[in-house]
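Summary of the model geometry
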Amino acid sequence: MKNTISERIFDFLKNYPPFNLISNATLLEVSQKVEIQYFEKDQIIFSQNDNPHEHFYIIYQGSVRLYRFVENEKHILDICDEGDLFGLRPLIMNENYVMGASANEETILYGIPIALFHDIILNYPKVSQFLIASFATNTRDPFSEKHKGKLFANVSAIQKIDSSFAEIQSANYNKNPITCSADTSIQTACIIMTKNVINSIIVIENDIPIGIITDKDIRTKIGTGLYKITSKVGEIMTSPVVTFPQNITVAEAQIMILKHKVSHLCITKDGTNKSELVGILTQQDLILTQGNNPSLLIKEIKNAKDTETLKHIRTKASELTKGYFEQEIPIYFVTKVISEINTAITKKAIRLSILEMGKEPPVKFSWLALGSQGRKEQLLMTDQDNALVFENVAPADYNRVKNYFLELAEKVTEKLNMVGFDYCPANIMASNPKWCISLEEWEQQFEEWITDPIPEKILLSIIFFDFELVHGDENLYTKMSESVFKTIEKNQIFLSFLGKVTLDNPPPLGFFKQFLVEQDGENKDSFDIKSRAIRPLVDAARILSLHHNLRVNNTISRYEKLMEVEPQNRDLFESCANAFKILLQFRTSQGLANNDNGKFVDINSLNKADRLKLKSCFKPIKNVQEAIKLRFKTSQIPQI
């Protein structure tokens, strides 16, 4: 006779992680050992500090309160419902319970034998990862040293990405580089290169790389007659070289090549140009390693003659993003690569537009990216946010100069729109006369926002404080940045006003741990992951960076810098950085799957693992918002 009870348990468990990650035979064995327990409303399941049970629990029907007593005051920590796991501490830590659990209503639990599950954990790594993540979401500080690197290592295999990415995606480089000394003649170096069928040779001194010459150097410096073939290599070499340590990955190599605009990387023992050369990595090596190479896209952008070509390349960049996600490449690497491609597209759009204008800019200028592109976090095709600053001119020349740049900006924003970056609905673009102004006007604008912090001006400052140079004069960009920090330094109260506005977004979960979703409109019952989860972390990183005068825009980089300047809060900032990576990855994957900007997520369509992953990211949001509230005394700021 069939054991119908165990089969019913089997049918229930197979729909929920981590039980859906094990074989049917193993799950059936588990189902036969499950203990069914019934609890009336408010009945205690276990108490804080109780000895560990022999089971952990999954809720079949009803709901369970998790609580903790602090100084004799009871605090509700969570409300668990159907399919939720709890009571995992004996399985993970082999310690007494640090919180209590009681039935929130009439409840039926399935007790899973801990002894039986130990073998399953050993044989199913993803089960182990999921249980650790689930356990961490119900601890006081899931981002502590004890759980570092494990919280997000659940069904999506993020732990595997972080821990073994370098091994899986290691770049193959030549470990026997051909070298010569600076005193070698160019003719001799060419003979060596020809004999070894290579297009470059590294110049070394005491085994340390001091320069490089390539086929391009020979064409442009020897073939043109600038130098004689009998000249020394040291006269035409490019120096210093770009170096990297031996454990370089494909993604890191791509970023370095894009960033430094080189075709060769020297691999040294400690990654600096002061240590022994051990290899050479070329752009061709990367092409052979990975067919869809961003370096090729950058080259295509450089050679593009029209906007249609740029649009085609940006479509290929989206395919590249999707491929990176399928390969489980860490989000931080993906953002860097795609940001470089977006920047290159914008630069090309500017150059094409200047050619269309038929005359060069009348004065120096800088094109600035704002918002997510300014922070180098723009992975999907979202709205464009940009601005333009031109150098100060005499009043008599002002209108002529501004009209040139407004016409230029109109052409650039139109091209970016054709590429796929929609016009900004709020018209925060360089084609708007308000955001195409001189350096002096920008400095006055920042001072006005900071010294008169009404809500409208604070919201504008939030957008514009993440500006980043894309094209043009770096000195103008630097002066703008200096003006912001100097004005804030003199008006520290501004940070309190800024803090109050950044706290307008409540934590993403309601009191009973329900996702806060849109109440009406076309996105009714959807979760706004951008506004409710990503933006609070971005805003927190910005205000804390302004407080410490940190000259970085990228959210992850900001949190990393904050870890250095506030080591006592390292765990908090590390948790924020980790949560931000997961949320950005989640939004991007949703956007790629739904062919949109990924802003709204249908919570009901998520499986239990994804809901857990999202919930795991929300605790740092609440913690960092509490820190901002206390530090900047936002409760003392009047309503504005």
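Residues numbered from 1 in each chain as written. Predicted model: local features only at pLDDT ≥ 70, side-chain atom pairs only at ≥ 80, totals over all residues. Heavy atoms only, no water.

Observations regarding the environment of Leu116
Of note, Leu116 is situated in helix H4 (residues 114-123). As for Leu116 and Val30, which are separated by 86 residues in sequence, their C-alpha atoms are 7.4 Å apart. Apart from the residues lying within four places of it in its own chain, the contact partners of Leu116 are Glu29, Val30 and Lys33. (Helix = DSSP H or I, 4+ residues; strand = E, 2+ residues; numbered from the N terminus. Contact = heavy atoms within 4.5 Å.)

As for the side chain of Asn554
Here Asn554 is to be found in the loop between helix H21 (529-547) and helix H22 (555-565). Polar side-chain contacts of Asn554 include one of 2.9 Å to the backbone oxygen of Arg375. Not counting the four nearest positions on each side in its chain, Asn554 is found in contact with Tyr332, Arg375, Lys376 and Glu377. (Polar contact = N/O pair within 3.5 Å; in protein donor to acceptor, adjacent residues only side chain to side chain.)

Looking at the packing of aromatic side chains
Considering all chains together, one arrives at 27 aromatic pairs under this definition. On the basis of an interplanar angle of 25° and a centroid distance of 5.4 Å, the ring pair of Tyr57 and Phe86 is categorised as stacked. Linking Tyr57 in strand E3 (residues 55-61) with Phe86 in strand E6 (residues 85-86), this pair joins segments that are 29 residues apart in sequence. Here Tyr57 and Phe86 have matching classes, each one buried. Lying across the ring of Tyr67, Lys74 places its NZ or CZ 4.2 Å from the centre. A cation over a ring is seen here: Lys175 above Tyr173, with NZ or CZ 4.4 Å from the ring centre. (Phe/Tyr/Trp six-rings, centres within 6.5 Å; stacked < 30°, edge-to-face > 60°. Buried < 20%, exposed > 50% of the residue type's maximum accessible area, 1.4 Å probe, protein only. Lys NZ or Arg CZ within 6 Å of the ring centre and 35° of its normal.)

What to know about the side chain of Thr588
Here Thr588 is to be found in helix H23 (residues 570-594). Accessibility expressed as a relative area gives 2% for Thr588, which makes it buried. Within the structure, Thr588 has its side chain in polar contact with the backbone oxygen of Leu584 (distance 2.7 Å). Those residues in contact with Thr588, other than ones at most four positions away along the chain, are Thr321, Phe325, Leu379 and Leu380.

Quick look at the nonpolar core
Across soluble globular proteins, nonpolar side chains show a tendency to be buried alongside one another. Grouped together as the largest cluster of nonpolar side chains are 113 residues, with contacts concentrated most on Phe405 and Trp442. For this core, the element with the highest residue contribution is helix H14 (residues 331-357), accounting for 14 residues. Counting 27 residues, the second-largest nonpolar core is a separate cluster that includes Phe19, Leu27, Phe117 and Val127. (Core = buried A, V, L, I, M, F, W, Y, C linked by side-chain atoms within 4.5 Å.)

Things to note about the pairing of strand E4 (residues 64-70)
Where burial is concerned, most of E4 is hidden: 5 out of the 7 residues are buried. Here E4 pairs with strand E5 (residues 73-80) via 7 bridges, running antiparallel. When the sheet's bridge partners are listed, Arg65 is paired in E5 with Ile79. Linking E4 to E5, which pair antiparallel, is a turn of 2 residues; within it Glu71 sits at a positive phi near 50°. (Pairing = 2+ DSSP bridges.)

Remarks on unusual backbone geometry
Each neighbour pair has its own omega, and for Pro17 with Pro18 the value is 5°, a cis peptide bond. Counting through the fold element by element, Pro18 comes out in the loop between helix H1 (4-13) and helix H2 (24-33). Geometrically, the link from Ser239 to Pro240 is a cis peptide bond, its omega value of 0° lying close to zero. Locating Pro240 in the fold gives a position in the loop between helix H9 (233-236) and strand E12 (243-244). The phi angle at Asp207 is positive, at roughly 70°, despite the residue not being glycine. In this fold, Asp207 is placed in the loop between strand E10 (200-205) and strand E11 (208-214). A residue is classified by how much of its surface remains accessible, and Asp207, at 45% relative accessible area, is partly exposed. With phi around 60°, Asn549 is a residue other than glycine that occupies positive phi space.

Observations regarding the confidence of the model for the protein
Per-residue confidence for the protein gives a mean pLDDT of 84, with 88% of residues at or over 70. Scored below 50 in pLDDT, residues 137-168 makes 81 contacts in the model with residues more than four places away or belonging to other chains. (pLDDT = per-residue confidence, 0-100.)

Re H22
All of the buried residues along H22 are Thr555, Ile556, Ser557, Arg558, Tyr559, Leu562 and Met563. Backbone nitrogen of Ile556 and a side-chain oxygen of the N-cap are separated by 3.1 Å at the start of H22; the cap is Asn554.

As for the pairing of strand E8 (residues 107-113)
Every regular strand shows the same layout, with side chains that alternate between the two sheet faces. The buried fraction of E8 is high, at 6 of 7 residues. Where strand E1 (residues 35-39) lies against E8, 5 bridges are found, and the strand directions are antiparallel. Bridged to Glu35 within E8 is Gly111. Across 6 bridges, E3 lies against E8 in antiparallel orientation. In the sheet register, Tyr57 faces E8, and the bridge partner there is Gly111.

Remarks on the pattern of salt bridges
Tallied over the full model, the rule gives 18 salt bridges. Between Arg400 and Asp397 there is a salt bridge; the shortest N-O distance is 3.7 Å. Of this pair, Arg400 and Asp397 both sit in helix H16 (residues 395-419), 3 residues apart, which is roughly one turn of that helix. Look at Asp397 and you get partly exposed, because its relative accessible area is 31%. Taken together, the shared-partner salt bridges connect Arg375, Glu377, Asp466, Asp539, Arg542 and Arg558 into one network. (Salt bridge = Lys/Arg side-chain N within 4 Å of Asp/Glu carboxyl O.)

Details of the environment of Gly271
Summarising the element assignment, Gly271 is placed in the loop between strand E13 (264-268) and strand E14 (277-282). For Gly271, a relative accessible area of 15% gives the class buried. Separated by 24 residues in the primary sequence, Gly271 and Asn247 have C-alpha atoms spaced 9.3 Å apart. In this structure Gly271 touches Thr243, Phe244 and Pro245, once residues within four positions along its chain are discounted.

A short note on a positive patch on the surface
A grouping of Lys216, Arg219, Lys261, Lys299, Lys302 and Arg351 is seen on the molecular surface, where their side chains present a positively charged patch. Counting residues per element, the ones that place at least two in the positive patch are helix H8 (215-222) and helix H12 (294-303). Within the secondary structure layout, Lys261 lies in the loop between helix H10 (250-260) and E13. What makes Lys261 exposed here is its relative accessible area of 65%. (Patch = residues over 30% accessible without salt bridge, like charges linked within 9 Å, V, L, I, M, F, W, Y side chains within 5 Å. Areas by Shrake-Rupley, 256 points an atom, 1.4 Å probe, with all protein chains shown as cover. Lys, Arg positive; Asp, Glu negative; His and termini not counted. Charge placed at Lys NZ, Arg CZ, Asp CG, Glu CD.)

Details of the sheet that holds strand E7 (residues 100-103)
Strands sit in the order E2-E7-E4-E5 across an open sheet of 4 strands; the sheet is antiparallel. Two strands close off the open sheet at either side, each with one partner strand: strand E2 (44-46) and E5. For this sheet the average axis-to-axis angle between neighbouring strands, irrespective of direction, equals 30°. As paired elements, E2 and E7 share 2 bridges and run antiparallel to each other. Along E7, the bridge assignment pairs Phe46 with Ala101. (Axes fitted to C-alpha atoms, helices over the stretch in contact; angles between N-to-C directions.)

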